[in-house]
Amino acid sequence: MGKRLDKVLSNMGYGTRKEIKSIIKKGRVKVDEKVIKDSSMHIDPYENHIEIDGVKLVYREVVYIMMNKPQGVISATFDSRMETVVDLLDPAYHIFEPFPVGRLDKDTEGLLILTNDGKLSHELLSPKKHVPKTYYAHIEGIVDEKDQIAFKNGVTLEDGYKTLPAELNIIKGDEISEIELTIYEGKFHQVKRMFESVGKKVTYLKRIAMGDLKLDKDLELGEYKELTQEELEKLKNR
Ligand code: URA
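Residues numbered from 1 in each chain as written. Predicted model: local features only at pLDDT ≥ 70, side-chain atom pairs only at ≥ 80, totals over all residues. Heavy atoms only, no water.

Here the focus is the overall build of the protein chain. Helix and strand counts for the protein chain come out as 6 helices and 15 strands. The C-alpha radius of gyration of the protein chain comes to 23 Å, more than 25% above the 18 Å expected for a compact globule of 238 residues. Oriented by its inertia axes, the alpha-carbon framework of the protein chain measures out at about 70 × 35 × 30 Å. A burial count over the protein chain gives 43% of its 238 residues as buried. (Helix = DSSP H or I, 4+ residues; strand = E, 2+ residues; numbered from the N terminus. Rg over C-alpha atoms; globule rule 2.2 N^0.38 Å. Buried < 20%, exposed > 50% of the residue type's maximum accessible area, 1.4 Å probe, protein only.)

What follows is the structure, given as structure tokens:
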């Protein structure tokens, strides 16, 4: 059955249905090498070869973006006062209506996935799936083996919630400690609250991995890229 040519092109951001009609009428669109003047023609956008002004259209309906979230922006799609992670994307991505998968605090940096794939997002966030998330952090206070054991057994947060076992790796135990922590759930402010429960304070927080997917080291803060097929598999294979 396929989809209407004008609908496919407008969904891809080439203009309104009216604008597309005019582009097509002018003979600027080819399907399988032939100039098409009928906007209502049905095509299979994955199978047919579509060209606009001689440039091949690569059709897709979903996007998967990895961002190295900077501090100072919020993990939301829209906010009337504050800059959001979606605001950082090139407007060309806005037609896909991407949203962040879960939230990082305003002052947290690092790996954030943005997509319009609701199913994948749900799977990554579902409390039943226990997708591991790894954070790198600076902690005020000497982090030691006692904290490692406490986190392994689960700690009780200030609201009475007992966390699942988490893995604490101490990179440097000092006045300002450096650690990596892997948690298997995603409660509000979880990492900060876990350290509060052992009397310590997170002063810097960055997510470095989600599932098997690691933050690409080449991404500067505020930069993003589309996931490669291999990276997407890592996320999906959870
Ligand atoms: N834990 C936190 O405390 N903050 C985050 O942004 C993510 C995990």
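On to the domain arrangement of the protein chain, then. Taken domain by domain, the protein chain consists of domain 1 (3-56), domain 2 (64-127 + 213-236) and domain 3 (133-210). Distance between the C-alpha centres of domain 2 and domain 3: 23 Å. Regarding the contact of domain 2 and domain 3, the summed buried area is about 1200 Å², with carbon and sulfur atoms giving 47% of it. Summed over the three residues of domain 2 that lose the most area to domain 3, namely Asp105, Glu109 and Leu111, the buried surface amounts to 36% of that side. Counting across the interface, domain 2 meets domain 3 through 2 salt bridges. Elements with a contribution of two residues or more to the side of domain 2 that touches domain 3: β9 (109-115) and β14 (213-214). It is β9 that provides the largest number of residues to the side of domain 2 that touches domain 3, a total of 5 residues. Across the side of domain 2 that touches domain 3, the residue classes tally to 9 nonpolar, 4 polar and 4 charged. (Domains from an automatic or database assignment. Buried area = accessible area lost by both parts, 1.4 Å probe. Salt bridge = Lys/Arg side-chain N within 4 Å of Asp/Glu carboxyl O. Nonpolar A, V, L, I, M, F, W, Y, C, P; charged D, E, K, R; others polar.)

Right, let's talk about the sheet that holds strand β5 (residues 50-52) for a bit. Two modes of strand pairing occur in sheets, parallel and antiparallel, and in both the strands are linked by backbone hydrogen bonds. Strands sit in the order β3-β2-β5-β6 across an open sheet of 4 strands; the sheet is antiparallel. Of all strands in the sheet, those with a lone pairing partner are β3 (34-35) and β6 (55-56), marking the two edges. Bridge count between β5 and β6: 2 bridges; the pairing is antiparallel. From the neighbouring strand, Ile52 faces β6, where its bridge partner is Val55. (Pairing = 2+ DSSP bridges.)

The next subject is the site of the ligand. In the vicinity of the ligand, the residues found are Leu104, Asp105, Thr108, Tyr135, His189, Gln190, Val191, Lys192 and Leu205. Here an oxygen atom of the ligand sits 2.9 Å away from a polar atom, N or O, in the side chain of Thr108. Between Gln190 and the ligand, the recorded distance is 3.5 Å, taken from a backbone N or O atom to an oxygen atom. Here the ligand has 240 Å² of accessible area as a free molecule, and 96% of this is covered by the chains. A total of 3 residues in the shell around the ligand trace back to one element, the largest contributor, which is helix α5 (residues 190-197). Across the shell around the ligand, the residue classes tally to 4 nonpolar, 3 polar and 2 charged. Each of domain 2 (64-127 + 213-236) and domain 3 (133-210) contributes no fewer than three residues to the shell around the ligand. (Near = heavy atom within 4 Å. Polar contact = N/O pair within 3.5 Å; in protein donor to acceptor, adjacent residues only side chain to side chain. Areas by Shrake-Rupley, 256 points an atom, 1.4 Å probe, with all protein chains shown as cover.)

Next up on the list: the pattern of salt bridges. Under the definition given, this model contains 15 salt bridges. Residue Glu61 pairs with Lys3 through a salt bridge whose shortest N-O separation is 3.5 Å. In this pair, Glu61 sits in the loop between β6 and β7 (64-69) while Lys3 sits in strand β1 (residues 3-4), placing the two residues 58 residues apart along the sequence. Take Glu61: its relative accessible area is 38%, and that puts it in the partly exposed class.

Along β9, 7 of the 7 residues are buried, which leaves the element largely enclosed by surrounding structure. Where β7 and β9 come together, 6 bridges link them in antiparallel fashion. Bridge pairing in β9 places Met66 opposite Ile113. With 2 bridges joining them, strand β8 (residues 99-100) and β9 adopt antiparallel strand pairing. Bridging across to β9, Pro100 finds its partner in Leu114. Judged from the 2 bridges that link them, β9 and strand β13 (residues 201-210) form a sheet pairing that is parallel. Note on β13: the bridge partner recorded for Glu109 is Lys206.

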